Amino acid sequence: MTVHAQAFPSKPVRLVVPIPAGGALDAIARNLAPPLSRAWGQNVIVDNRPGGGTVIGTEMVARAPADGHTLLLMANSFTINPAVRSKLPYDALKDFAGVSRLATVPVILSVHPSVPARTFKELIALARARPGELTYATAGPETNQHLIGEMLKSIAGIDINHVPYQGGAPATMAVMGGHTSILVINVTESGPQIQAGKLRALAVTSLERAVDFKEVPTVAESGYPGFEAITWFGAVAPAATPKEAISRLNAEIVRALQLPDVRNALGKLGLSAAGTSAEEFDAFIRSELRRNEKVARASNLRID
């Protein structure tokens, strides 16, 4: 008797989102779930497991059966936590296998209109003239935006102080209110305020200009060639997941990201769909881990 391998997927697929519902990562999961469910003929469940700075949901996936039916949807924090925490209940490299990058969004630097700097170069000059006086707001400590702020401090040789807030909205409000000088945040969160003239955009941290802010130069264009630091989102599976399952997951996720309704939905949030091969995403994760470890050491960033 011939025994045929069980078709994949053979049961519902769970997309674990290690943050509360409502954020960009959650939106990506909920936009991907319907087309993936249709493609696989199985329910695709979005499972929000927030807590511990994404550690709780991430550990849950690391311990899940490696059969391809449980995926972790993650962002920069996946490669930042190992750089700033001495103890994690999982190994970001050994316990996971890349499936695909999902989307990216630029980070934009802006200031309150009262700050006497109309360009990124002028802001750097101002910071050098007033060492230790300027502050920059982010969505929280040890976030991607925090690391970007520290990278800018290093490459520009400036002394500005980090003021972390509990999310992008409070950080944006703080700069709008003049309580903090500079805002380093995803363009999706500060874009409306910039367009309304309540904030002045100076630079984006991607290599290319933001689609909705073509007039705002990049940091690379502003005197620091090659500078790139973006917010990204991706999917990984438990490390021992069979390659055949990874290939099927990758193929259908990349296909879903190319659907006009998915691209349009993400575009309305300022996100650019960005599917990759599993191998490319694995290499990207390794490079991000190396870079974040370097930044964390240079800036002495630790949370334990």
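Scroll up to find the structure.
Residues numbered from 1 in each chain as written. Predicted model: local features only at pLDDT ≥ 70, side-chain atom pairs only at ≥ 80, totals over all residues. Heavy atoms only, no water.

Moving on, we get to helix α10 (residues 278–299). The end-to-end C-alpha distance of α10 is 31 Å, a good match for the 32 Å that 22 residues give at a rise of 1.5 Å each. Along α10, the residues classified as buried are Ala278, Phe281, Phe284, Ile285, Glu288, Leu289, Asn292, Val295 and Ala296. In an axial view of α10, the angular spread of the buried residues amounts to 145°, which keeps them on one side of the axis. α10 presents Glu279, Arg290, Lys294, Arg297 and Ala298 as exposed residues on the side facing more than 90 degrees away from its buried surface. Buried residues in α10 make contact with β3 (70–75), α3 (77–84), β4 (96–105), α5 (144–156), β10 (231–238) and α8 (243–257). Remark: Asn300 follows α10 within two positions and exhibits a positive phi of approximately 55°. (Helix = DSSP H or I, 4+ residues; strand = E, 2+ residues; numbered from the N terminus. Expected span 1.5 Å × (residues − 1). Buried < 20%, exposed > 50% of the residue type's maximum accessible area, 1.4 Å probe, protein only. Arc of directions from axis to C-beta. Contact = heavy atoms within 4.5 Å.)

Turning to α8, a few remarks are in order. If you check α8, its first and last C-alpha atoms are 21 Å apart, about what 15 residues at 1.5 Å a residue would give, namely 21 Å. Residues of α8 that are buried: Ala245, Ile246, Leu249, Asn250, Glu252, Ile253, Val254, Ala256 and Leu257.

A separate point is the packing of aromatic side chains. Inspection of the entire model under this criterion finds 6 aromatic pairs. Ring geometry for Tyr90 versus Phe96: centroids 5.9 Å apart, planes at 85°, classification edge-to-face. In this structure, Tyr90 and Phe96 share a single accessibility class: buried. Between Phe120 and Tyr224, the aromatic rings sit 6.0 Å apart at their centres with planes inclined by 85°, giving edge-to-face as the arrangement. Linking Phe120 in helix α4 (residues 120–129) with Tyr224 in the loop between β9 (200–204) and β10, this pair joins segments that are 104 residues apart in sequence. For Phe120, a relative accessible area of 3% puts it in the buried group. Taken together, Phe78, Tyr90 and Phe96 form an aromatic cluster joined through their ring pairs. Across the ring face of Phe284, the terminal group of Arg101 is positioned such that the distance to the ring centre comes to 4.6 Å. (Phe/Tyr/Trp six-rings, centres within 6.5 Å; stacked < 30°, edge-to-face > 60°. Lys NZ or Arg CZ within 6 Å of the ring centre and 35° of its normal.)

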